[in-house]
Amino acid sequence: MHSAAELVTTVASLAPLPTVYTEVRDEMDKPTGSCTEIAHAISADPALTASLLRLVNSAFYGYGGKIETITRAVTILGMQQVHDLVLALSVSAAFSALKPQHFDMPAFWRSSVMRGLAAREIGRSHGILGAERLFVIALLADIGHLVMHQSVPELARDAADASKRNSEPLNEAERRVVGCDYVEVGATLMSHWKLPACFAKIIGAQLLPRLAAESAYEAAIVHLATRIAEADQNNESSTAAAERVSPVIWTTLDMQPPSFRDIRECAELDLANYVTLLIPDAGRTRHGH
């Protein structure tokens, strides 16, 4: 049996976050954190600079090509949003080096981006300030599965097979077969990377949002966004998928099942474009097929 910390340590050594992200995070953590220093750190990485400018000038933010420098991006978006986007791009860059066997990486990233877009749309529809942070948290919410399939691929597949065979929740099968589940692994990775505490709290409670305490609302958003991404991945109708969402989630979010379709359609609108912007390699190769 394996612990979440054991799996995370193995993968983190194979796919460390780029130094530029660490520099941005450390600068943000300083009481005198400087936009200028953050822009300087990012600008030292030409590939990241190009990706970040493409993203902030896309329909994702709607500035239409008017942001030409990282300094201006930090000034307009603020340090937190730039930090979160650098994190998203850094994770995709770090994990592009991993090639777990029999694991469909393009499908994984497509589903991850879909979940992020759905979470952001839910957040926006509720008037949540900083809904873009929800996008990044939801984007990373399933990262535990990637870690498991890289670290203990045979056990991860055995758990998935057992889940289907026995109609058993996947996280329960993973705890029985592997020793931990993907949400525990994901939350442990967030802590290992020293990300803001809300990342680990929300990702760790995505299956039972009330466990996130003061972040239960955001965890419920990620929970619903996951159901939307799963419906997209499985070609399931929005009506059928919405019926399987717990009434507790709808009550927590003060939403009704018919809104499932609307959120899904908004998230799907530019999904392919955002996958290309955030995960440039996602559509190029398929590992294990």
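Criteria and thresholds
Residues numbered from 1 in each chain as written. Predicted model: local features only at pLDDT ≥ 70, side-chain atom pairs only at ≥ 80, totals over all residues. Heavy atoms only, no water. Helix = DSSP H or I, 4+ residues; strand = E, 2+ residues; numbered from the N terminus. pLDDT = per-residue confidence, 0-100. Contact = heavy atoms within 4.5 Å. Salt bridge = Lys/Arg side-chain N within 4 Å of Asp/Glu carboxyl O. Buried < 20%, exposed > 50% of the residue type's maximum accessible area, 1.4 Å probe, protein only. Core = buried A, V, L, I, M, F, W, Y, C linked by side-chain atoms within 4.5 Å. Arc of directions from axis to C-beta. Phe/Tyr/Trp six-rings, centres within 6.5 Å; stacked < 30°, edge-to-face > 60°. Lys NZ or Arg CZ within 6 Å of the ring centre and 35° of its normal. Axes fitted to C-alpha atoms, helices over the stretch in contact; angles between N-to-C directions. Parallel < 35°, antiparallel > 145°, perpendicular 65-115°, else oblique. Left-handed = near helix turned anticlockwise from the far one by under 90°.

Colleague: It is not clear to me how unusual backbone geometry should be interpreted in this structure. Could you clarify?
Modeller: Residues other than glycine predominantly adopt negative phi, and peptide bonds predominantly adopt the trans conformation. If you check the backbone angles, Asn235 has positive phi at about 55° while not being a glycine. Along the chain, Asn235 falls in the loop between α14 (216-233) and α15 (238-243). Even without being glycine, Asp254 reaches a positive phi, approximately 55°. Take Asp254: it is sitting in the loop between α16 (247-253) and α17 (259-269).

Colleague: Is there a simple way to explain the confidence of the model for the protein in this structure?
Modeller: Should pLDDT be low for a region, the predicted coordinates there are not to be read in detail. Of the residues in the protein, 97% reach a pLDDT of 70 or more, and the chain-wide mean stands at 91. Per-element confidence in the protein ranges from a low mean pLDDT of 88 for helix α1 (residues 4-14) to a high of 97 for α15. In the model, residues 283-289 has pLDDT below 50 throughout and makes 11 contacts with residues more than four positions away in sequence or in other chains.

Colleague: Got a minute to help me understand the pattern of salt bridges in this structure?
Modeller: Side chains bearing opposite charge may pair, as long as their charged atoms lie close to each other. Counted under the stated rule, the structure contains 12 salt bridges. Across the pair Arg110 and Asp232 runs a salt bridge whose closest N-O atoms are separated by 3.1 Å. A residue pair is termed long-range when its members are at least 10 positions apart, and Arg110 in helix α7 (residues 105-125) and Asp232 in helix α14 qualify at 122 residues. For the salt bridge of Glu132 with Arg124, the shortest nitrogen-to-oxygen distance reads 3.0 Å. In this structure Glu132 comes out as buried when scored by relative accessible area, which is 11%. On the accessibility criterion, Arg124 (41% relative accessible area) is partly exposed. In the salt-bridge network here, residues are joined through shared partners; they are Arg120, Arg124 and Glu132.

Colleague: What's the story with the nonpolar core in this structure? I'm lost.
Modeller: Note on soluble globular proteins: their nonpolar side chains tend to be buried together. By size, the foremost hydrophobic cluster in this structure holds 100 residues, and its most contacted members are Phe95, Met190 and Leu224. Here Met190 is in contact with Leu140, Ile143, Leu195, Phe199, Ala200 and Ile203, once residues within four sequence places are set aside.

Colleague: When you look at helix α18 (residues 271-278) in this model, what are you seeing that I'm missing?
Modeller: Note that an α-helix has 3.6 residues per turn; residues three or four places apart therefore point the same way. Those residues of α18 not exposed but buried are Leu271, Tyr274, Val275, Leu277 and Leu278. Angular distribution of buried residues about the axis of α18 spans 165°; they occupy a single face of the element. Turned more than 90 degrees away from the buried face of α18, the exposed residues are Ala272 and Thr276. Tucked inside the fold, the buried residues of α18 contact α4 (46-56), α6 (79-95), α7, α8 (131-139), α14 and α17.

Colleague: Would you take a moment to explain the packing of aromatic side chains for this structure?
Modeller: How two aromatic rings sit relative to each other is given by the distance of their centres and the angle of their planes. This model, assessed by the stated rule, comprises six aromatic pairs. Residues Phe95 and Trp193 carry aromatic rings whose centres are separated by 5.8 Å and whose planes lie at 80° to one another, so their mutual orientation is edge-to-face. One end of the pair, Phe95, is in helix α6; the other, Trp193, is in the loop between α12 (182-192) and α13 (197-204), with 98 residues separating them in the sequence. Considered together, Phe95 and Trp193 belong to a single accessibility category, that of buried residues. A connected cluster of aromatic rings, assembled from ring pairs, spans Phe60, Tyr61, Phe135 and Tyr274. It is Arg120 that lies over the ring of Phe60; its NZ or CZ is 3.9 Å from the centre.

Colleague: What is the right way to read the packing of α7 against α17 from this model?
Modeller: Any two packed helices are characterised by how steeply their axes cross, that is the angle between the axes, and by the distance between the axes. Taken N-terminus to C-terminus, the directions of α7 and α17 make an angle of 125°; their axes are 9 Å apart at the nearest point. Classed by the angle they form, the pair α7 and α17 counts as oblique. Relative to α17, the crossing made by α7 is right-handed. Residues Met114, Leu117, Ala118, Glu121 and Ile122 of α7 lie in contact with α17, whose contacting residues are Ile263, Arg264, Cys266, Ala267 and Glu268.

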